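Examining the three-dimensional arrangement
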Amino acid sequence: NDTEVELKQIKDAAKDFGNVAKQQFKNAQKEAKGLGDALDKECKSNEKALKAVNDALKDNAGDTKLLKDKNELLGKSVKDLTSKLENQEKQASLLEQSMEDYGEGTQEEFNTLQSEIKQTESELKSAQNEMRSFGSVFEQQTKVHFVIKTSSDRRGRRSLPAEIRNRCFRLQTKQRSRCRSSQLK
């Protein structure tokens, strides 16, 4: 009789522990979802701001402030998309564990989350490529200055200040060597 009582107490304690663990797990899922929602809003905000800066740059391509803003927004966008991807992967892991351990969640939810992860990976890759192709603010100013000078002055680069001329030459040399090395492959 005493062993039955002890056995019942142990079972109740295990059940209580399981309920506590399940509640902690649900809280972790809610926290990850909340963070995901906040990151989604932040990414959309960055996207809108970047679009506005790109539109403004169409009218004034050499504006230093706009170029700096674009550079900062691209960096922030990559950072936020990386965080969003990590959070989505965490959510997928939690959902998968929930399905296995507690029988909660569906395969459809998991598949939806997997497709969101693929979309975020694609967005992140695109943002990284855009950031890479943008380069630095100085490079963008040099390109704009070079185009303006060559279109308005036959001497082109010779009319640019020596520092910018040298920087243009170094950039062009790097690009040529990249082209040659890719052609050799």
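What counts as what
Residues numbered from 1 in each chain as written. Predicted model: local features only at pLDDT ≥ 70, side-chain atom pairs only at ≥ 80, totals over all residues. Heavy atoms only, no water. Helix = DSSP H or I, 4+ residues; strand = E, 2+ residues; numbered from the N terminus. Buried < 20%, exposed > 50% of the residue type's maximum accessible area, 1.4 Å probe, protein only. Areas by Shrake-Rupley, 256 points an atom, 1.4 Å probe, with all protein chains shown as cover. Polar contact = N/O pair within 3.5 Å; in protein donor to acceptor, adjacent residues only side chain to side chain. Contact = heavy atoms within 4.5 Å. Salt bridge = Lys/Arg side-chain N within 4 Å of Asp/Glu carboxyl O. Core = buried A, V, L, I, M, F, W, Y, C linked by side-chain atoms within 4.5 Å. pLDDT = per-residue confidence, 0-100. Expected span 1.5 Å × (residues − 1). Axes fitted to C-alpha atoms, helices over the stretch in contact; angles between N-to-C directions. Parallel < 35°, antiparallel > 145°, perpendicular 65-115°, else oblique. Left-handed = near helix turned anticlockwise from the far one by under 90°. Nonpolar A, V, L, I, M, F, W, Y, C, P; charged D, E, K, R; others polar. Lys, Arg positive; Asp, Glu negative; His and termini not counted.

Once that is clear, we can look at the overall build of the protein. Each helix and strand counted, the protein has five helices and zero strands in total. A burial count over the protein gives 23% of its 185 residues as buried. Surface summary for the protein: the accessible area is close to 13300 Å², and the carbon and sulfur share equals 50%.

Next up on the list: the side chain of Asn46. Here Asn46 lies in helix 1 (residues 2–59). On the accessibility criterion, Asn46 (4% relative accessible area) is buried. A polar contact is formed between the side chain of Asn46 and the side chain of Asp80, at a distance of 2.8 Å. Not counting residues up to four positions away in its chain, the partners in contact with Asn46 are Leu73, Lys76, Ser77 and Asp80.

With that out of the way, let us pick up the pattern of salt bridges. Taken as a whole and judged by the stated rule, the model has seven salt bridges. For Lys33, the salt bridge identified is with Asp37, shortest N-O distance 3.9 Å. Of the two residues, Lys33 and Asp37 both sit in helix 1, four residues apart, roughly one turn of that helix. What makes Asp37 partly exposed here is its relative accessible area of 37%.

A few words now on the nonpolar core. The nonpolar side chains of a soluble globular protein tend to be buried with one another. Formed by Cys43, Val78, Leu81, Leu85, Ala92, Leu95, Phe110, Leu113, Ile117, Leu124 and Ala127, the largest nonpolar core amounts to eleven residues. Contributing elements (two or more residues each) for this core: helix 2 (64–102) and helix 3 (107–134). Contacts of Leu95, omitting those with residues within four sequence positions, involve Gln29, Glu104, Gly105, Glu109 and Phe110. Judged by nonpolar contacts, the second largest core, of eight residues, contains Val53, Leu57, Leu73 and Phe134.

The next thing to look at is the confidence of the model for the protein. On average, residues of the protein carry a pLDDT of 78, and 68% of them reach 70 or more. Every residue in residues 151–158 is under pLDDT 50, and counting partners more than four places away or in other chains gives eight contacts.

Along its 28 residues, helix 3 runs 40 Å from first to last C-alpha, staying within 8% of the 40 Å computed at 1.5 Å per residue. Where helix 3 ends, the next residue or the one after it, Gly135, has phi of about 75°, a positive value.

Another point: helix 2. Along its 39 residues, helix 2 runs 55 Å from first to last C-alpha, staying within 8% of the 57 Å computed at 1.5 Å per residue. Put simply, Asp63 is the residue that caps the front of helix 2, since its side-chain oxygen is 3.0 Å from the backbone nitrogen of Lys65. Immediately downstream of helix 2, the backbone of Gly103 shows phi near 70°, a positive value.

At their nearest, the axes of helix 2 and helix 3 sit 9 Å apart, and the two run at 160° to each other. As judged from the angle between their axes, helix 2 and helix 3 are roughly antiparallel. Every pair of crossing elements has a handedness; the one defined by helix 2 and helix 3 is left-handed. Of the residues belonging to the contact of helix 2 with helix 3, the class tally is 15 nonpolar, ten polar and nine charged.

The residue Thr82 is located in helix 2 in this model. Along the chain, Thr82 and Lys125 lie 43 residues apart, while their C-alpha atoms are 9.8 Å from each other. A distance of 2.7 Å separates a polar atom in the side chain of Thr82 from the backbone oxygen of Val78.

Within the secondary structure, Lys70 is located in helix 2. With no salt bridge to any partner, buried Lys70 finds its closest opposite charge in Glu130, at an N-O distance of 4.1 Å. For Lys70, the contacting residues outside a window of four places in its chain are Leu50, Val53, Asn54, Leu57, Glu130 and Phe134.

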